[in-house]
Structures are given as C-alpha cells and as structure tokens.
Amino acid sequence: MLSRAGLRLPVVAAATLVALGLGLRLYGLVPPERGLLFAADADEGIYAASARLALDGHTPYRDYFCSAPPVGLLLFESVLSPTSPPWGDASGFMALRYASVAYGLVTLLAVYAIGRQLGGCSAGLLALSLLALDGWAIAQDRRAMMEAPLNMFSALAVLALVAAQCRPRAPLRCHKR
C-alpha cells in the first residue's frame, strides 16, 4: 500500500497536467476582448446564432435551419441564456468558448479516471498527459462547437462502462418465460 507521500505525487502530477491543459486551452482566450481576436470558425457563429434564435422563441428545424443536434442546441442555449442579451453579443459568444474549455477539462478528468481504472496511476497519468497536450484536442476545446461536448459525453460514457465492468456484482438473473 502506498504511503501518504506516495499518494501525493500522482495527485500533484495530475493536478499539474490539468492546470497545463487549462492554460493551453485558455491561451489567447483571456481576457474576452483578446479571445474575440482568436480565429473563429464559421460553425461557431452558426451554432451561437441558432441557440440565440431558439432563445428568442423561434422553433429550430421548423422556423430556421439548425445544423446542431437538439442536445447540442440545448447546451448552447443554457450558456447563452444567462450571459447574452436578446440581440446577442460578444460576451455570449465568449461564454460559449469558455464552456467548451470547461467541457474539455471534464474530458481530461474522465480520461485520467479511465486510464487509472484500466491500468493504474501511471496509465491514468499517461492518458491525461496525451490528451492535455494534444494539439487537435486543444484546438477543439477552444471553439464554441460540438466537438468539446461530444468528446466529454463520449469519455463519460466510456468511464461509466469501465466503472461498471470493474466493480464486483451479483450474477445476472434472467427472467424465465
């Protein structure tokens, strides 16, 4: 069994990697005025406008074309609702980008937990470091698009599967006909 000092090192390493991942994802996005200068993707504007139209009472897929899936649209609406006036503005757009960074951080933690469950502390730290430093993941976690929440929900689903498979359980009882 590991001593307290032995447990502290993996926690410090994981916290450092998460902080590094956060710094890389927020680089150039803070303050918000600087973040607006970060190269926008056309999809960001489409998703933000779609969510803003839905919040203004228009029905997606009927009143206007919406390329976002329903759950994605609800995620965007939940971020824009408290942060953006009815006509939309830059603060709402940056709130969407910051929400994507938050989704990315949850993904980092989920991937660490998956690695730790499957291969121990070293595997968790390796998985965390690969994702925290991956340029493609960093780029997607910085933009207000569907990739960050999709990655988060996928990682959480895999974590739930791994956790269910790793826990002891009673034998499966099937209903007899």
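Computed from a predicted model, the values in this text were never measured in an experiment.

> Explain the overall build of the protein to me, please; I cannot follow it from the model alone.
Broken down by element type, the protein carries eight helices and zero strands. Traced from its N-terminal end to its C-terminal end, the protein shows the element sequence α-α-α-α-α-α-α-α. Scaling as 2.2 N^0.38, a compact globule of 177 residues should have a C-alpha radius of gyration of about 16 Å, whereas the protein reaches 20 Å, well beyond that. Each principal axis of the C-alpha distribution contributes one length, and for the protein these read about 60 × 55 × 25 Å. Counting over 177 residues, the protein shows a buried share of 37%. Placing the 15 positive and 11 negative side-chain charges of the protein at their respective mean positions leaves the two points 20 Å apart.

> What is the right way to look at unusual backbone geometry in this model?
Only a minority of non-glycine residues have a phi that is not negative, and only a minority of peptide bonds are not trans. That bond from V30 to P31 is cis: its omega, -5°, falls within 30 degrees of zero. Locating P31 in the fold gives a position in the loop between α1 (4–26) and α2 (32–35). A positive phi angle, close to 70°, is found at Y61, a residue other than glycine. Secondary-structure assignment places Y61 in the loop between α3 (42–55) and α4 (70–83). For Y61, a relative accessible area of 44% puts it in the partly exposed group.

> Before we go on, may I ask you to explain the side chain of R25 in this structure?
By the secondary structure assignment, R25 is in helix α1. Here R25 falls in the buried class, since its relative accessible area comes to 0%. Setting aside chain neighbours within four positions, we find R25 in contact with V101, L108, L131, A132, A137, I138, D141 and R142.

> What is the right way to read the environment of L29 from this model?
Within the element layout of this structure, L29 appears in the loop between α1 and α2. Along the chain, L29 and V101 lie 72 residues apart, while their C-alpha atoms are 9.9 Å from each other.

> Looking at this model, I keep getting lost on the packing of α3 against helix α5 (residues 90–119). Mind explaining?
Think of two packed helices as two axes; the pair is described by the angle between the axes and how far apart they sit. At a minimum axis separation of 11 Å, α3 and α5 run at an interaxial angle of 110°. If you check the angle between α3 and α5, you find them roughly perpendicular. As α3 packs across α5, the resulting crossing turns out to be right-handed. On the side of α3, the interface is formed by E44, G45 and A48, while α5 contributes F93, L96 and R97.

> Before we go on, may I ask you to explain the environment of T83 in this structure?
Examined against the element boundaries, T83 turns out to sit in helix α4. Judged by its relative accessible area of 31%, T83 falls in the partly exposed class. Note: C-alpha distance between T83 and A95 (twelve residues apart in sequence) is 7.0 Å. Setting aside residues up to four positions removed in sequence, T83 forms contacts with D89, S91, G92 and A95. Within the structure, T83 has its side chain in polar contact with the backbone oxygen of V79 (distance 2.8 Å).

> For this particular structure, what's the right way to read the side chain of S100?
Mapped onto the secondary structure, S100 falls in helix α5. Taking relative accessible area as the criterion, S100 reaches 1% and is therefore assigned buried. Ignoring anything within four residues of it in the chain, the contact list for S100 reads D141, R143, A144, M145 and A148.

Here is what the cut-offs are and how they apply
- Residues numbered from 1 in each chain as written.
- Predicted model: local features only at pLDDT ≥ 70, side-chain atom pairs only at ≥ 80, totals over all residues.
- Heavy atoms only, no water.
- Helix = DSSP H or I, 4+ residues; strand = E, 2+ residues; numbered from the N terminus.
- Rg over C-alpha atoms; globule rule 2.2 N^0.38 Å.
- Buried < 20%, exposed > 50% of the residue type's maximum accessible area, 1.4 Å probe, protein only.
- Lys, Arg positive; Asp, Glu negative; His and termini not counted.
- Charge placed at Lys NZ, Arg CZ, Asp CG, Glu CD.
- Contact = heavy atoms within 4.5 Å.
- Axes fitted to C-alpha atoms, helices over the stretch in contact; angles between N-to-C directions.
- Parallel < 35°, antiparallel > 145°, perpendicular 65-115°, else oblique.
- Left-handed = near helix turned anticlockwise from the far one by under 90°.
- Polar contact = N/O pair within 3.5 Å; in protein donor to acceptor, adjacent residues only side chain to side chain.

Structural measurements only, silent on function.
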